[in-house]
Amino acid sequence: MSKKLWGGCFSKDIDSDVLDYTLTTDVDKRLVRFDIWGSMAHLVMLGQQQIVSDATVGKILPSLLNLYHKNKIGALHLDRSLEDVHLNIEALIINDVGAEFGGQLHTARSRNDQVVTDTRMYLREELLNIQRALVDFIESLMDLADSSINDLAVGYTHLQPAQPISLAFWYSAHASIFLRDLERLADAYNNTNRNVLGACALAGTSFPIDRELTRKLQGFDRLIEHSLDATSSRDFIIQSVSAFSIMMSNFSKLAEEIVIWNSFEFGLLKIDDAFATGSSIMPQKKNPVVAELAKGRSGRVYGALMQILTTTKGVTLGYNCDLQEDKPLLWDSIETVKSTTNILHRHVVTSTYKSDRAADLCWKNFSTVTELANMLVKNKEIAFREAHRITGLLTRELIDRGADLRDTLFVQHFLRGHAIDATEDEIVASTSPVNVMTKQTSTGSTGPDSVTAMLQNLKIELNIFSTQMQNNLEKVRAAEDFILKISNDVKAGARIRDLLLAAQ
Ligand code: ARG
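Notes on the structure follow. Numbering of residues begins from 1 in every chain and follows the order in which that chain's sequence is written. At least 70 in pLDDT is required for a residue's local features to be given in this predicted model, at least 80 for side-chain atom pairs to be given and counted, and no such filter applies to totals for whole chains, interfaces and linings, which use all residues. Heavy atoms throughout the structure, all of them, feed into the side-chain values; hydrogens and water do not.

**Topic: the environment of H86**
Thought 1: Within the secondary structure, H86 is located in helix 4 (residues 85-97).
Thought 2: Residues H86 and D28, 58 residues apart in the sequence, show an inter-C-alpha distance of 8.9 Å.
Thought 3: Excluding residues within four positions of it along the chain, H86 makes contact with D35, R111, Q114, V115 and D118.
Thought 4: Polar contact is the term for a pair of N or O atoms within 3.5 Å; when the atoms are in protein, one must be able to donate a hydrogen and the other to accept it, and sequence-neighboring residues count only if both atoms are side-chain atoms. A polar side-chain atom of H86 sits 3.5 Å from a polar atom in the side chain of D118. In this text, helices come from DSSP runs of H or I with a minimum length of four residues, and strands from runs of E with a minimum of two, each type numbered from the N-terminal end. What makes two residues a contact is simply this: any of their non-hydrogen atoms within 4.5 Å.

In structure tokens:
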């Protein structure tokens, strides 16, 4: 005879290698709190629907509450021989209150709807944590932008000097990118925060359950009504990990800029000593390992996405054990994206951009010559293509002479050779990097006025997301507080029906 909770029709116990191969107790540690919460909600619903008696609820609910507190202080350990979190919690209840009562908890429920429920509850909390961390990061980027509106930076295309930009323009670019990540996280949250409990094994149940009640008690926003869909659903995981992957890709680009600009050759960014490591042989080295690892770790998250996509692509509807493989890499991608958000945030705020070096580079690398051509168009009625040609020739001559656009006398002389009279003021106004950066006024450009306007818009958008995130957090917390309150009240002798009525 098998000793398993499911062992009725088995003639012997599971092979120990098979148990090792199939168990998930380590992976499921993160689900304990949610498995207990979900069990509380399920039991309250069973009581309310009179599927189990008040006496049964009165026995099991305080026992679940006890497990909840035990888990909170780290004293609840999962027994590997019981396979997974679901069978562990059920067994603990049966041990505590006896099989006559405890054996009723699994009425109208299956591990198939339980595992999706638990994973959704866990993931929604982590999605909120990650959103919070990203909101903080974006806020810091906006603060940095606020205080660097007039500071110079070098703007690149092809990693070749292109045009002068403000430092605020660079910071706010990343803020603007990350806001879309925030939007993707919010979408993933909406798809994740749905109730699947009550779908049972796949087909629903003949018991008169109330899935709307368990939805409320678990703090889910909506229901996935279709039971076969609900128990098979893993797209919320794919959506979340793909949002994480895009986030990591965006982080990786920022990290690459940190690495390059921090190099001796560029010398545009100084990273904090606490964010670098040295070499065991070369005393002069300060290596930007945090940024390098942020880049490297994006591969881990992409790997998780590929693994989950692959696992879920070839299964029939209805639970298949293949799906059990979804969690380890989901956990890993959550940890990676959370730690990368936090460390990169700190890395950026502790690094210093060197605007004086940027100004020097902008002069030396001719990054303002486009504006000189613009000046010829605006002030001298020359077609842009011709202005481009003339200033291109000028650039080549200056390079040959080992000079740059600061040699205004030569610039004036050269332009005169092309029948163009330009004053020194005209030349300086269209060649000095700060002047040129300030002149950019089109919507979304790098000039102070447009960056200030963009920052205002980004702040409004950020505020919408962060308010929504805060509301979601509060809704989830309120649901958890409510189930704990019900459990406490039942322990003190109250009846489910009265408690739910009073709460309406
Ligand atoms: N441990 C499983 C998982 O993580 C949940 C149990 C699924 N049900 C089953 N009949 N094995 O996906």
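**Notes on the packing of aromatic side chains**
Thought 1: Any two of the Phe, Tyr and Trp rings considered here, Trp counted by its six-membered ring, make a pair once their centres fall within 6.5 Å; the pair's planes then place it as stacked at under 30 degrees, edge-to-face at over 60, or tilted in between. The final tally for this structure, using the stated rule, is 14 aromatic pairs.
Thought 2: A network of ring pairs unites the aromatic residues Y156, W170, Y171, W261, F266 and Y353 as a single cluster.
Thought 3: The positively charged end of R120 is found above the aromatic ring belonging to F236, 3.9 Å away from the centroid.
Thought 4: When the ring centre of F220 is taken as origin, the NZ or CZ atom of R124, which lies over that ring, is 4.8 Å away. Should the NZ of a Lys or the CZ of an Arg lie within 6 Å of a ring centre and within 35 degrees of the ring normal, that charge is described as sitting over the ring.

**Considerations on helix 13 (residues 355-364)**
Thought 1: Buried residues of helix 13: S355, A358, L361, C362 and W363, and no others.
Thought 2: Structurally, helix 13 contributes buried residues whose contacts are with strand 1 (152-157), strand 2 (160-166), helix 7 (167-192), strand 6 (352-353) and helix 18 (433-439).
Thought 3: One or two positions beyond helix 13, positive phi appears at F366, with a value near 60 degrees. Three exposure classes are used, based on accessible area relative to the maximum for each residue type with a 1.4 Å probe and protein chains only: buried under 20%, partly exposed in between, and exposed over 50%.

**Some points on the site of the ligand**
Thought 1: For each residue, the test is whether any non-hydrogen atom lies within 4 Å of the molecule or strand; if one does, the residue is near. Neighbouring the ligand are T24, D84, H86, R111, N112, V115, Y319, Q324 and K327.
Thought 2: The separation between a nitrogen atom of the ligand and a polar side-chain atom of N112 is 3.0 Å.
Thought 3: Q324 places a polar side-chain atom, nitrogen or oxygen, 3.1 Å from a nitrogen atom of the ligand.

**Concerning the nonpolar core**
Thought 1: We define the nonpolar core as a collection of buried residues of types Ala, Val, Leu, Ile, Met, Phe, Trp, Tyr and Cys that are connected through side-chain atoms lying within 4.5 Å of one another. Residues L61, F244 and Y353 are the most contacted members of the largest nonpolar core, which totals 121 residues.
Thought 2: With 16 residues, the top contributor of residues to this core is helix 6 (residues 111-146).
Thought 3: With sequence-adjacent residues up to four places away left out, Y353 is seen in contact with L152, A153, V154, L167, Y171, W261, L268, L269 and A358.
Thought 4: Judged by nonpolar contacts, the second largest core, of 20 residues, contains W363, L405, F410 and I420.

**Quick word on the side chain of H347**
Thought 1: Positionally, H347 belongs in helix 12 (residues 326-349).
Thought 2: On the accessibility criterion, H347 (0% relative accessible area) is buried.
Thought 3: Apart from the residues within four sequence positions on either side, H347 is in contact with I258, I271, F275, V290 and A291.

**Details of the pattern of salt bridges**
If charged atoms from side chains of opposite charge come close, those side chains can pair.
Thought 1: A pairing counts as a salt bridge when a side-chain nitrogen of Lys or Arg comes within 4 Å of a carboxyl oxygen of Asp or Glu. Taken as a whole and assessed by the stated rule, the structure comprises 29 salt bridges.
Thought 2: Linked through salt bridges whose partners overlap, the residues forming this network are D54, R495, R497 and D498.

**Considering the pairing of strand 2**
Thought 1: Any two strands between which DSSP finds at least two bridges are classified as paired. Strand direction decides the pairing type here: strand 1 and strand 2, joined by six bridges, are antiparallel. Following the sheet pairing, G155 is matched in strand 2 by Q163.
Thought 2: In textbook terms, the turn of a hairpin is the stretch between consecutive antiparallel strands, and for strand 1 and strand 2 this stretch comprises two residues, one of which, H158, has a positive phi near 60 degrees.

**A closer look at the side chain of T408**
Thought 1: Along the polypeptide, T408 turns up in helix 16 (residues 408-416).
Thought 2: Overall, T408 belongs to the buried group, its relative accessible area being 12%.
Thought 3: Residues within four places of T408 in sequence aside, it is in contact with E424, I427 and V428.

**Some remarks on the packing of helix 2 (residues 32-48) against helix 4**
Thought 1: Each axis is a line fitted through C-alpha atoms, and for a helix only the stretch in contact is used; angles between axes span 0 to 180 degrees, taken between their N-to-C directions. As a packed pair, helix 2 and helix 4 sit with axes 10 Å apart at the nearest point and diverge in direction by 55 degrees. The angle between helix 2 and helix 4 places the two elements in the oblique class. The chirality of how helix 2 crosses helix 4 is right-handed. Contacts between helix 2 and helix 4 involve V32, D35, I36 and S39 from the first element and V85, H86 and I89 from the second.
Thought 2: Side-chain classes follow a simple rule in which Ala, Val, Leu, Ile, Met, Phe, Trp, Tyr, Cys and Pro form the nonpolar group, Asp, Glu, Lys and Arg form the charged group, and the remainder, Gly included, forms the polar group. Residues of the contact of helix 2 with helix 4, tallied by class, amount to four nonpolar, two polar and one charged. Any angle from 65 to 115 degrees is called roughly perpendicular, while one under 35 is roughly parallel, one over 145 is roughly antiparallel, and all others are oblique. By convention the crossing between two helices is left-handed if the near helix lies anticlockwise of the far one by an angle smaller than a right angle, and right-handed if it lies clockwise.

In short, the description is geometric, and any link to function would need to be established separately.
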